[in-house]
Amino acid sequence: MKHILLIFLFIGLANSGHAQITIDRNIIDLSAGARRADINVSNTGKNTETVDISLFAIIDPGLDSEQRHSPENPRELGVLATPRQFTLAPGQSRKVRISFLKTATVKDSIYRMRVTPRSESSGNSKPVGTAVSIAIAYELLLILRPPKPDARLLAHRDQKSLTVNNPGNSNVMLFDGKQCNKLGEACQQLAGKRIYSGAGHVFALPYPDTPVRFMLDDGSNTRGVEY
């Protein structure tokens, strides 16, 4: 799954450089016994960057009632990132440690972590003119699986759609979806989807009576499935 990019546009004084913050991971997917993970944040640009880390607990992921919860107390939130703010010179990298503070529950604990750069002005020259400055914030998915994960899908197929529901306690990622016509030609790609515990999704199908194939990742292994 590709990382989510949050793009913010600001109208202001022109800057000779632009943010070039990168991360080496976009998903942290841990079993119940593994409580820590690290990511590396790097500055490949020309300016010094201040990086802010924000954390959110996701309530009811994948449902219409989904909400973000961001208490100040890490113990209440359930996850901690260290450090929460730091500065990177051009060419510099920094490790950020993610620690889950609560023990795994009966179903997935889902969080989001936002990595936002703020470019520091460099040099003594004053910029001239007005330009659009683009700041890209990376948003990572954090998953802590339950002690006994049950990642499975129930599927219902009709001519126009495939409906999948997750009655288990752990999420499933469907990706690389494809359906072809009866001759095995004119194959169409289907967008991937993460199906959280208790949630579901409906895939629109290009063909009414041929198999739909996906790759399925349940956190412990990846395999092909057909509906």
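All of these numbers come straight from a predicted model, not from anything done at the bench.

## A word on the overall build of the chain
Consideration 1: What the chain contains, in helices and strands, is one helix and 19 strands.
Consideration 2: Counting over 227 residues, the chain shows a buried share of 38%.

## Regarding the layout of surface pockets
Empty space among the atoms can be located by rolling a probe the size of a water molecule over them.
Consideration 1: Reported here for the second largest pocket is a volume of approximately 340 Å³.
Consideration 2: If you trace the second largest pocket, you find 21 residues lining it, with Ile-58, Ile-59, Asp-108, Ser-109 and Ile-110 closest to the centre.
Consideration 3: Among the secondary structure elements, those contributing two or more residues to the lining of the second largest pocket are β5 (49-59), α1 (74-77) and β10 (109-119).
Consideration 4: Within the lining of the second largest pocket, the residues separate by chemical class into ten nonpolar, six polar and five charged.

## Quick notes on the side chain of Glu-139
Consideration 1: Its location among the elements puts Glu-139 in strand β11 (residues 130-144).
Consideration 2: Within polar-contact distance, the side chain of Glu-139 engages the side chain of Arg-68 at 2.5 Å.
Consideration 3: Within polar-contact distance, the side chain of Glu-139 engages the side chain of Arg-114 at 3.3 Å.

## As for the packing of aromatic side chains
Consideration 1: The final tally for this structure, using the stated rule, is two aromatic pairs.
Consideration 2: Between Phe-100 and Tyr-111 the ring centres are 5.8 Å apart and the planes differ by 55°, which places this aromatic pair in the tilted class. Of this pair, Phe-100 sits in strand β9 (residues 93-100) while Tyr-111 sits in strand β10; the two residues are eleven residues apart in sequence, bridging distant segments of the chain.
Consideration 3: Among the residues examined, Phe-100 registers a relative accessible area of 4% and is labelled buried.
Consideration 4: A centroid spacing of 4.9 Å and a plane angle of 50° characterise the contact between Phe-203 and Phe-214, whose relative ring orientation is tilted. With Phe-203 in strand β17 (residues 200-204) and Phe-214 in strand β18 (residues 212-217), the pair connects residues that are eleven residues apart, well separated along the chain. Phe-214 shares its class with Phe-203; the two are buried.
Consideration 5: The side chain of Arg-68 reaches across the aromatic face of Phe-56, ending 5.2 Å from its centre.

## Some details on the confidence of the model for the chain
Consideration 1: In this model, the chain carries a mean pLDDT of 88, and residues with pLDDT of at least 70 account for 85%.
Consideration 2: Between residues 1-5, whose pLDDT stays under 50, and residues either more than four places distant or in other chains, the model counts 14 contacts.
Consideration 3: Note on residues 7-18: pLDDT is under 50 here. Beyond four places in sequence and across chains, it has 33 contacts.

## Remarks on the nonpolar core
Consideration 1: Ile-39, Val-41, Met-113, Val-115 and Leu-142 are the most contacted members of the largest nonpolar core, which totals 27 residues.
Consideration 2: The contact partners of Ile-39, leaving out residues within four places of it in the chain, are Asp-24, Arg-25, Ile-28, Arg-94, Lys-95, Val-96, Ile-98, Met-113, Val-115 and Leu-140.

## Overview of the sheet that holds strand β12 (residues 154-157)
Consideration 1: The strand order across the open sheet built from three strands is β12-β13-β17, with neighbouring strands paired in antiparallel fashion. At either margin of the open sheet sits one strand with a lone partner, and together these are β12 and β17. Going across the sheet, the axis of each strand differs from the next one's by a mean of 15°, ignoring polarity.
Consideration 2: Alignment of strand β13 (residues 161-165) against β17, held across five bridges, turns out to be antiparallel. When the sheet's bridge partners are listed, Asn-165 is paired in β17 with Gly-200.

## Remarks on the state of the cysteines
Consideration 1: Counted under the stated rule, the structure contains one disulfide.
Consideration 2: Sulfur-sulfur distance for the disulfide between Cys-180 and Cys-187 comes to 1.9 Å. Negative torsions about the S-S bond denote left-handed disulfides, and the value of about 100° found for Cys-180 with Cys-187 makes this one right-handed.
Consideration 3: Residue classification places Cys-187 among the partly exposed positions, given a relative accessible area of 35%.

## A word on unusual backbone geometry
Consideration 1: Geometrically, the link from Thr-82 to Pro-83 is a cis peptide bond, its omega value of -5° lying close to zero.
Consideration 2: Positive phi, close to 55°, is recorded for Asp-60, a residue that is not glycine.
Consideration 3: Secondary-structure assignment places Asp-60 in the loop between β5 and β6 (67-69).

Quick notes on the rules
- Positions within a chain are numbered from 1, following the residues in the order the chain's sequence is written.
- Reporting of local features is limited, given that this is a predicted model, to residues whose pLDDT is at least 70; pairs of side-chain atoms are given and counted only at 80 or more, and all residues count toward the totals for whole chains, interfaces and linings.
- Processing note: side-chain calculations cover all non-hydrogen atoms of the structure and skip hydrogens and water entirely.
- Only runs of H or I of at least four residues qualify as helices and only runs of E of at least two qualify as strands under DSSP, and these elements are numbered from the N terminus.
- Exposed residues in this analysis have more than 50% of their type's maximum accessible area, buried residues have under 20%, and partly exposed residues fall in between, with area computed by a 1.4 Å probe over protein chains only.
- In this analysis, the protein atoms alone were mapped onto a 1 Å grid. Cavities are point sets where a 1.4 Å probe fits without being able to get out; pockets are open sets with protein on both sides within 12 Å along at least five of seven lines; lining residues have an atom within 4 Å of a point.
- Grid points are joined across faces, edges and corners, and a volume is the space filled by probe spheres set on the points.
- Ten residue types, Ala, Val, Leu, Ile, Met, Phe, Trp, Tyr, Cys and Pro, are classed as nonpolar, four, Asp, Glu, Lys and Arg, as charged, and the remainder, Gly among them, as polar.
- The term polar contact refers here to a pair of N or O atoms within 3.5 Å; inside protein, the definition further demands a hydrogen-donor-capable atom paired with an acceptor-capable atom, and it admits residues adjacent in sequence only when both atoms are side-chain atoms.
- Stacked, edge-to-face and tilted are the three classes for Phe, Tyr and Trp ring pairs, Trp counted by its six-membered ring, which pair at centre distances within 6.5 Å; planes under 30 degrees apart are stacked, over 60 edge-to-face, the rest tilted.
- Throughout this description, the term charge over a ring refers to an Arg CZ or Lys NZ atom that lies within 6 Å of the ring centre and within 35 degrees of the ring normal.
- The predictor attaches a confidence to each residue, called pLDDT, with possible values from 0 through 100.
- We call two residues contacting when some pair of their heavy atoms lies within 4.5 Å.
- Definition used in this section: a nonpolar core is a set of buried Ala, Val, Leu, Ile, Met, Phe, Trp, Tyr and Cys residues joined via side-chain atoms within 4.5 Å.
- Strand pairing requires that DSSP identify at least two bridges connecting the strands.
- Inter-axis angles, ranging from 0 to 180 degrees, are taken between N-to-C directions of lines fitted to C-alpha atoms, where helices are fitted over the stretch in contact.
- The disulfide criterion is simple: two cysteine sulfur atoms within 2.5 Å.

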